[in-house]
Amino acid sequence: MNTRRSDGRKVPPGPDQSLVFGNFKDIDTERVHQSLHALSKKYGTIMSIRLLRRKIVVLNSADVINEAFGSEQYKDLLNDKAQGFYGTYLVYGHADVLLGPCRDLTFRIKEVMSLGLRPAMVPSALAGDCRKLLEMLGKHGSNDFDPADDLQTLFAEVTSKLISGEVKDGDVKLMWDFVDWSNRLLNPSVESLLKNFPFLRHLPVKVGVLFREVLAKRDVLLARYLDTTRETYVKGKVRGLVDTCFAIQENEIRANGESWLTDDMVRATILDTIGAGLVSTTNSVLAVILNLLHNPACQDRMRQELRAVVHPAALVTQADMNGLPYCRAVVMETLRLSCVVPIVSHYCSAGDVDLAGYTIEKGTMVWGNLWSALHDDHIWVEPWSFKPERFLDDDGKLLPKEHKFMKALIPLGVGRRICVGYDFAMTRIFAFVTTMVQHYDITPPVDTELLSNDPNLFSAGAVLQPDRFKCKLVKIQK
Ligand code: HEM
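Residues numbered from 1 in each chain as written. Predicted model: local features only at pLDDT ≥ 70, side-chain atom pairs only at ≥ 80, totals over all residues. Heavy atoms only, no water.

- As recorded in an unreviewed UniProt entry, the chain goes by Cytochrome P450 and comes from Dreissena polymorpha.
- UniProt annotates the chain under Cofactor (unreviewed entry) with the comment "heme". (UniProt positions renumbered as here; feature names shortened; annotations may be inferred.)

1. Examining the coordination of the iron atom of the ligand
Okay, so step 1: You will see that the iron atom of the ligand has only one donor from the protein, Cys419 (SG), lying 2.3 Å away.
Okay, so step 2: Within the secondary structure layout, Cys419 lies in the loop between α15 (404-408) and α16 (422-439). (Donors = N, O, S within 2.8 Å, 3.2 Å for Na, K, Ca; no water. Helix = DSSP H or I, 4+ residues; strand = E, 2+ residues; numbered from the N terminus.)

2. Topic: helix α10 (residues 241-251)
Since there are 3.6 residues in each turn of an α-helix, residues three or four apart along the chain are aligned in direction.
Okay, so step 1: Within α10, nine of the eleven residues are buried, leaving the element largely enclosed by the surrounding structure.
Okay, so step 2: When α10 is considered as a whole, its buried residues turn out to be Leu241, Val242, Asp243, Thr244, Cys245, Phe246, Ala247, Ile248 and Gln249.
Okay, so step 3: Buried residues belonging to α10 abut α4 (104-117), α6 (147-164), α9 (206-231) and α11 (263-294). (Buried < 20%, exposed > 50% of the residue type's maximum accessible area, 1.4 Å probe, protein only. Contact = heavy atoms within 4.5 Å.)

3. Section: the sheet that holds strand β6 (residues 364-369)
Okay, so step 1: Pairing within the open sheet is mixed, and its four strands lie in the order β1-β2-β6-β3. This sheet does not close on itself; its edge strands, each paired only once, are β1 (46-51) and β3 (343-348). The average undirected angle you get between the axes of adjacent strands in this sheet is 30°.
Okay, so step 2: Sheet topology note: the β3/β6 ladder contains six bridges and is antiparallel. If you follow Ser345 over to β6, its bridge partner there is Trp367. (Pairing = 2+ DSSP bridges. Axes fitted to C-alpha atoms, helices over the stretch in contact; angles between N-to-C directions.)

4. Some remarks on a nonpolar patch on the surface
Okay, so step 1: Together, Leu193, Phe197, Phe199, Leu203 and Val205 give the surface a local cluster of nonpolar side chains, amounting to about 400 Å² of exposed area.
Okay, so step 2: Counting through the fold element by element, Phe199 comes out in the loop between α8 (188-196) and α9.
Okay, so step 3: Note on Phe199: relative accessible area 47%, which makes it partly exposed. (Patch = residues over 30% accessible without salt bridge, like charges linked within 9 Å, V, L, I, M, F, W, Y side chains within 5 Å. Areas by Shrake-Rupley, 256 points an atom, 1.4 Å probe, with all protein chains shown as cover. Salt bridge = Lys/Arg side-chain N within 4 Å of Asp/Glu carboxyl O.)

5. Considerations on the UniProt feature "binding site: heme" (unreviewed entry) in the chain
Okay, so step 1: Sequence positions flagged by UniProt for "binding site: heme" (unreviewed entry) are, in local numbering, Cys419.
Okay, so step 2: Judged by relative accessible area, which is 32%, Cys419 ranks as partly exposed.

6. Some points on the packing of aromatic side chains
The geometry of an aromatic ring pair comes down to the distance between the two centres and the angle between the two planes.
Okay, so step 1: In the structure shown here, the tally under the stated rule is nine aromatic pairs.
Okay, so step 2: Between Phe85 and Phe211, the ring centres sit 5.0 Å apart and the planes meet at 70°, which makes this aromatic pair edge-to-face. Of this pair, Phe85 sits in helix α3 (residues 85-89) while Phe211 sits in helix α9, placing them 126 residues apart in sequence. Each member of the pair, Phe85 as well as Phe211, is classed as buried.
Okay, so step 3: By the ring-pair criterion, three or more aromatic residues cluster together here, those being Phe85, Tyr86, Tyr89 and Phe211.
Okay, so step 4: The residue whose ring lies beneath Arg108 is Trp260, and the NZ or CZ to ring-centre distance is 4.0 Å. (Phe/Tyr/Trp six-rings, centres within 6.5 Å; stacked < 30°, edge-to-face > 60°. Lys NZ or Arg CZ within 6 Å of the ring centre and 35° of its normal.)

7. Here we look at the nonpolar core
Okay, so step 1: With 135 residues, the main nonpolar core has Leu59 and Leu78 as its most contacted residues.
Okay, so step 2: No other element matches the 16 residues that α11 contributes to this core.
Okay, so step 3: Residues in contact with Leu59, not counting those within four places in the same chain, are Thr45, Ile46, Val64, Ile65, Ala68, Phe69, Leu355, Val366, Trp367, Gly368 and Asn369.
Okay, so step 4: Counting residues in hydrophobic clusters, the runner-up holds twelve residues, among them Ile27, Leu39, Tyr43 and Met47. (Core = buried A, V, L, I, M, F, W, Y, C linked by side-chain atoms within 4.5 Å.)

8. Examining the pairing of strand β2 (residues 54-59)
Every other side chain in a regular strand lies on the same face of the sheet, so the side chains alternate between the two faces.
Okay, so step 1: Summarising the sheet, β1 and β2 pair through six bridges and their orientation is antiparallel. Among the inter-strand pairings, Ile46 is bridged to a residue of β2, identified as Leu59.
Okay, so step 2: Hairpin remark: β1 followed by β2, antiparallel, with two residues in the connecting loop; positive phi at Leu52, about 50°.
Okay, so step 3: With four bridges joining them, β2 and β6 adopt parallel strand pairing. Paired with Val58 across the strands is Trp367, a residue of β6.

9. Here's the deal with the pattern of salt bridges
Side-chain pairs of opposite charge can arise whenever the charged atoms involved come near each other.
Okay, so step 1: A complete count under the given rule lists 26 salt bridges for this structure.
Okay, so step 2: Note that Lys173 and Asp177 form a salt bridge whose closest N and O atoms lie 3.8 Å from each other. One end of the pair, Lys173, and the other, Asp177, are both in helix α7 (residues 171-185), four residues apart, so they sit about a helical turn from each other.
Okay, so step 3: Classification of Lys173 as exposed rests on a relative accessible area of 58%.

10. With respect to the side chain of Ser40
Okay, so step 1: Structurally, Ser40 can be placed in helix α1 (residues 32-43).
Okay, so step 2: Side-chain polar atoms of Ser40 contact the backbone oxygen of His37, separated by 2.7 Å.
Okay, so step 3: Ignoring sequence-local partners within four residues, the contact set of Ser40 consists of Met47, Asn60 and Ser372. (Polar contact = N/O pair within 3.5 Å; in protein donor to acceptor, adjacent residues only side chain to side chain.)

11. Regarding the environment of Asn369
Okay, so step 1: Within the secondary structure, Asn369 is located in strand β6.
Okay, so step 2: Asn369 sits in the buried class, given a relative accessible area of 0%.
Okay, so step 3: Sequence separation between Asn369 and Thr232 is 137 residues, and the spatial gap between their C-alpha atoms is 43 Å.
Okay, so step 4: Those residues in contact with Asn369, other than ones at most four positions away along the chain, are Leu36, His37, Val58, Leu59, Asn60, Ile65 and Pro342.
Okay, so step 5: A distance of 2.8 Å separates the side chain of Asn369 from the side chain of Ser372, its partner in a polar contact.

In structure tokens, the structure reads:
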């Protein structure tokens, strides 16, 4: 591909493009992250591709991603989101954070989300969730079981409490139903059809039927989480995210008598929490379990550390995290190796931007290829191996945050668009995994073969997911 423009500036290199389809021949649309990783080996840390008419610059290293999305210089230029079909028709005209444009209002809603997550961060909420996990695990005795069943239920309940402060019968099914149906929409070929021909959403064709089904599921979900929560809302009592929104709606009124935080924004915030949080956290814990099944010595070392810090009869708390560096390293290494969110999608809308010696043209999508960044063999020794100790110094402490490994560990993004659920996700994943290891030896199944922990084999989609697998628990004698 010719990388020099007529004005002498260089666009990032990339594979040759066909006139109509661009680089579709180079990209497996079912496993985009793996195709991009293969191309990054040839074209380096910043490269160009085109899919039909859509120009895309792909950032393949943590350094370039940090600079593009995390630096002061580019914070307003490369942190926008493209106006797309789903933002417009599913989340109320980009009223959410995940797909919302780079504007003050989006970041104001993001602050509301952070505030709304606080009730879920109190110690009693975490302790309740850990107790629930132990209750679920205790039912399996010494039988083989599929941990995805428990974790899907547990995380749906956790998310329901986060949003509304309670769990009602049917909530778990409602949430997963919406997530499963929406995932079908996220298939790149469905997305591309709807984006190019939005009127299909009204027609009796496959993608139109699918879209309307998802809308129906969305509306049932929102009736439960917005309307029902409003009916029982008591002023001054904040049970969860939605109550936080109601309180803001009451207190932050504009001159026209209405709040700046509209009901559509609250609806979109609920959808973001479920859409962005539920699958990523569930699959991250499943990935830790798989890694521990393949590395029993890591479990032993975690347990040794836990015994020294947490009383055997006590639950692990957020305050214990500082004293458990190896356990934290196990979670960090899983987030790196398994990288359940492999690609993040931004948009360059304000004008041409010069980055890393190249020009990113206005109107280009900018993809942060976290998958390549977290498996970059220029940074990580043996990037495809599970080595939690890489995050510890010689004294067994976590590396300082200026260390190159810590700067390169970006599974939840960086900069203005960094995951709003960061602390919530890290705390829940950490507490659930350590609680399991504190009470049980997690061992391979007796009746089936143990699934590989190679993340290249995970099912692809917006969030990667290990196939169903089984394991067996052996109670630790205290
Ligand atoms: C292990 C679990 C999680 C992972 C790996 C993860 C990963 C990510 C990543 C990579 C981004 C994109 C950053 C970017 O666009 O540059 C993101 C954004 C986001 N995440 Fe998470 N996430 C997790 C959990 C959660 C949870 C629990 C919530 C909600 C409670 C959540 C809500 C969001 C939202 C709303 C955004 C959009 C932020 C913005 O665009 O400014 N995520 N997450």
